Amino acid sequence: MTTRTGELRTGEATFADWSVWGTTARLVVTDPDSLPAARKLVCEHLIAVDLACSRFRADSEISQLAAHGGGRFPVSELCAEYLRAALTVAAQTAGDVDPTVGAALVELGYDRDWELIAGSDTGAPVPLTITRRADWTQVTLNERIVTMPAGVQLDLGATAKAVAADRCARLVTEQLGCGVLVGLGGDIATAGPAPASGWQILVQDDAGEPACQVRLPAGAALATSSTLRRRWWRGGLPVHHIVDPRTGVAAETCWRTVTVAAETCLTANAASTASIVRGRDALGGLRRSGLPARLVDRTGRVVTLGAWPTEPEDRSI
């Protein structure tokens, strides 16, 4: 069985795909009889996360926080869990992955569901400015009380899919006992027993891009951050959805894609997203982390680090 966003060969597992959050959800289970119940568990959780954390719906908790214009506000346990993960990642990456970039994304034109802006030109170019603004250090979470300055618009997109993939995979295994893979776009988490041949992942951002097939062991996760997907036009210039928090504009496209393997999808996603923002400086941090990583630069050259397999006969991570 091989899985990629949109591609799967069955044999040892059963799968389902559907659209969610402007991307493709993929659910693979080792027990075919468990698929309907597993899909129900995953869908229910994703609906709850959308209501708590989506900045594209006015009734979400994240949108309500922005609408209140700063101060102290109670949030649900689920919203607190996802915001806590985002703030933890911000601390771990020294602010390179910052959940307070929502206003910058809106300024770039990413102010509605992805399907509504894909391929469009969202206005005049945004000037690069390096000024002091509210950042993640000014957002605090005490139990379920959020305190943040006026003008901050949270965007949990960099971490929410990864947290959801981890959470849904654990949920399915804990309640149904089967092995499971949950993919949300480029974020993939697994839990429980793997198929006999392992979780085989085709790492390729798009047709024509460099490809590599790897085998994940049970319980491992993989995340890919890309400057090729979720691209649109702004004043005739291409932009993408990964913002450099220090400039407020799309990060320089040193890397087309960065893929990282880790024990959790959140850890993998934090490393891959931070690497896009850091550009060439990402290599040192990834080496120090020891995480298996695969980077494709703007010319298509592939760089592998850590235990990422390089030989055709050795594809285990």
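Each chain carries its own residue numbering, running from 1 in the direction its sequence is written. Two thresholds apply to this predicted model, a pLDDT of at least 70 for residue-level local features and 80 or more for giving and counting side-chain atom pairs, whereas whole-chain, interface and lining totals are computed over all residues. To obtain the side-chain values, all non-hydrogen atoms of the structure were included, while hydrogens and water were left out.

### A short note on the sheet that holds strand E7 (residues 145-148)
Right, on to step 1. A pair of strands is treated as paired once DSSP finds two or more bridges between them. Labels follow the DSSP assignment, with helices taken as runs of H or I lasting at least four residues and strands as runs of E lasting at least two, numbered in each case from the N terminus. Pairing is antiparallel in the open sheet, where three strands are placed in the order E5-E7-E6. Of all strands in the sheet, those bounded by a partner on one side alone are strand E5 (71-74) and strand E6 (140-142). Strand-to-strand, the axes of this sheet are offset by a mean angle of 20°, without reference to chain direction.
Right, on to step 2. By the bridge criterion, three bridges tie E6 to E7 in an arrangement that is antiparallel. Bridge pairing in E7 links Leu141 to Val146. Helix axes are fitted to C-alpha atoms over the stretch in contact, other axes to C-alpha atoms as well, and angles between N-to-C directions run from 0 to 180 degrees.

### So, the side chain of Asp96
Right, on to step 1. In this structure, Asp96 sits in the loop between helix H3 (77-92) and helix H4 (102-108).
Right, on to step 2. Identification of polar contacts relies on pairs of N or O atoms within 3.5 Å, with a donor-acceptor requirement for protein atoms, meaning one able to donate a hydrogen and the other able to accept it, and with residues adjacent in sequence counted only if both atoms are side-chain atoms. Of note is the side chain of Asp96, whose polar atom sits 2.6 Å from the side chain of Arg278.
Right, on to step 3. The contacts of Asp96, once residues within four sequence positions are left out, are Pro245, Arg246, Ala274, Val277 and Arg278. Whether two residues are in contact is decided by their heavy atoms, any of which lying within 4.5 Å being enough.

### Some points on empty space enclosed by the protein
Right, on to step 1. The rule is simple: put a 1 Å grid over the protein atoms alone, call a set of points where a 1.4 Å probe fits but cannot get out a cavity, call an open set with protein on both sides within 12 Å along at least five of seven lines a pocket, and count a residue as lining if it has an atom within 4 Å of a point. Grid points are joined across faces, edges and corners, and a volume is the space filled by probe spheres set on the points. Throughout the structure, instances matching the rule amount to two cavities of 30 Å³ or more.
Right, on to step 2. By volume, the second largest cavity is sized at about 50 Å³.
Right, on to step 3. Surrounding the second largest cavity, Val203, Gln204, Asp205, Glu209, Pro210, Thr224, Thr257, Thr259, Arg294 and Val296 form its lining.
Right, on to step 4. Residue assignment for the lining of the second largest cavity shows that the elements contributing at least two residues are strand E15 (255-262) and strand E16 (293-297).
Right, on to step 5. Residues that form the lining of the second largest cavity fall into these classes: three nonpolar, four polar and three charged. Polar here means any residue outside two lists: the nonpolar Ala, Val, Leu, Ile, Met, Phe, Trp, Tyr, Cys and Pro, and the charged Asp, Glu, Lys and Arg; Gly therefore counts as polar.

### Some points on the pattern of salt bridges
Right, on to step 1. Any carboxyl oxygen of Asp or Glu within 4 Å of a side-chain nitrogen of Lys or Arg constitutes a salt bridge here. Evaluation of the coordinates by the stated rule reveals twelve salt bridges.
Right, on to step 2. A salt bridge links Glu44 to Lys40; the shortest N-O distance between them is 2.6 Å. Taken together, the residues Glu44 and Lys40, both in helix H1 (residues 35-53) and four residues apart, mark about one turn of the helix.
Right, on to step 3. As a salt-bridge pair, Arg280 and Asp297 come within 3.6 Å of each other at their nearest N and O atoms. Of this pair, Arg280 sits in the loop between helix H7 (265-278) and helix H8 (282-289) while Asp297 is found in strand E16, placing the two residues 17 residues apart along the sequence.
Right, on to step 4. Take Arg280: its relative accessible area is 42%, and that puts it in the partly exposed class.
Right, on to step 5. The exposure class of Asp297 is buried, given its relative accessible area of 3%.
Right, on to step 6. Several salt bridges share partner residues, and in doing so they unite Asp50, Arg57 and Asp59 into one network. We call a residue buried when its accessible area falls under 20% of the maximum for its residue type, exposed when it is over 50%, and partly exposed in between, using a 1.4 Å probe and counting protein chains only.

### A look at the sheet that holds E16
Right, on to step 1. The strand order E3-E4-E8-E9-E12-E15-E16-E17 describes an open sheet built from eight strands, whose pairing is antiparallel. Where the open sheet ends on each side, the last strands, each with one partner, are strand E3 (14-20) and strand E17 (302-305). The average undirected angle you get between the axes of adjacent strands in this sheet is 10°.
Right, on to step 2. Sheet analysis places E3 next to strand E4 (residues 23-29), joined by seven bridges and oriented antiparallel. What sits directly across from Ser19, in E4, is Thr24.

### Some words on the nonpolar core
Right, on to step 1. Of all hydrophobic cores here, the largest spans 73 residues; its most connected members are Leu27, Tyr82, Trp255 and Leu295.
Right, on to step 2. Broken down by element, this core gets its largest block of residues, ten residues, from H3.
Right, on to step 3. Every residue in contact with Leu27, bar those within four places of it in the chain, is listed here: Thr14, Phe15, Ala16, Trp18, Leu35, Ala38, Arg39, Val42, Val180, Leu181 and Val182.
Right, on to step 4. The definition of a nonpolar core used throughout is a set of buried Ala, Val, Leu, Ile, Met, Phe, Trp, Tyr and Cys residues joined through side-chain atoms within 4.5 Å. Counting residues in each nonpolar core, the second largest holds 14 residues, with Ala13, Leu216, Ala220 and Leu222 among its members.

### A closer look at the packing of H1 against helix H6 (residues 157-176)
Right, on to step 1. H6 packs onto H1 with a crossing angle of 140° between their chain directions and a minimal axis gap of 10 Å. One element, H1, and the other, H6, form an angle in the oblique class. H1 and H6 meet at a crossing whose hand is right-handed. Side by side, H1 and H6 meet where Ala37, Ala38, Leu41, Val42, His45 and Leu46 of the first sit next to Ala164, Arg167, Cys168, Leu171, Val172, Gln175 and Leu176 of the second.
Right, on to step 2. Class assignment of the residues belonging to the contact of H1 with H6 gives a composition of ten nonpolar, two polar and one charged. If an angle is under 35 degrees, it is roughly parallel; if it is over 145, roughly antiparallel; if it lies from 65 to 115, roughly perpendicular; otherwise it is oblique. The hand of a helix crossing depends on one turn: near helix anticlockwise from the far one by less than a right angle means left-handed, and clockwise means right-handed.

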